[in-house]
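One-letter residues, chain by chain:
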Amino acid sequence: PIVTPTVNVTLPEIAVPVQSPAPQPANPEKPRQKPTSMVGQVNEILQEKLALSPIPDTVIQLSEDNKMGVIVRINQSIYHGIDSVPASPARAVIQSAVDEWIRRSEKR
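Heads up: these notes are all about the structure in this document. (Residues numbered from 1 in each chain as written. Predicted model: local features only at pLDDT ≥ 70, side-chain atom pairs only at ≥ 80, totals over all residues. Heavy atoms only, no water.)

1. So, the sheet that holds strand β3 (residues 77-80)
Link 1 in the chain: The strand order across the open sheet formed by three strands is β1-β2-β3, and the pairing between neighbours is antiparallel. For this open sheet the edge positions go to β1 (60-65) and β3, each flanked by a neighbour on one side alone. With direction set aside, neighbouring strand axes in the sheet form an average angle of 25°.
Link 2 in the chain: Where β1 meets strand β2 (residues 69-74), six bridges bridge the pair, whose relative direction is antiparallel. Of the residues in β2, the one forming a bridge with Ile60 is Ile74.
Link 3 in the chain: Relative to β1, helix α1 (residues 38-51) is tilted by about 175°, and along the sheet it contacts β1 and β2. (Pairing = 2+ DSSP bridges. Helix = DSSP H or I, 4+ residues; strand = E, 2+ residues; numbered from the N terminus. Axes fitted to C-alpha atoms, helices over the stretch in contact; angles between N-to-C directions. Contact = heavy atoms within 4.5 Å.)

2. Considerations on helix α2 (residues 89-107)
Link 1 in the chain: Here α2 spans 27 Å end to end across 19 residues, near enough to the 27 Å set by a 1.5 Å rise per residue.
Link 2 in the chain: Regarding α2, the residues found buried are Ala90, Val93, Ile94, Ala97, Val98, Glu100 and Trp101. Projected down its long axis, α2 carries its buried residues within an arc of 160°, all on one side. Exposed and facing more than 90 degrees away from the buried side of α2 are Pro89, Glu106 and Lys107. (Expected span 1.5 Å × (residues − 1). Buried < 20%, exposed > 50% of the residue type's maximum accessible area, 1.4 Å probe, protein only. Arc of directions from axis to C-beta.)

Here is the structure:
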């Protein structure tokens, strides 16, 4: 049998810089598109006002239906049109958002 001698060679350590990728945000947000419909614009204002209102935990959403017109959702209740919402803090916040939309649209 042929025996091959073993040679132990120690190579010097060479530091190689490793470039890490730039940190990414945990949840990158896509730029939001501004609503184009009047109801969408009023709903956006409504959400801003609702967050600062005495009832920030109330779910209020405005949407539109081709046949029914404006649909108002307050928590689990659905109303057809803003006028059908009973007098309440929710109705006051909705009206405030409508008034703000009118004020902003008159400035254009």
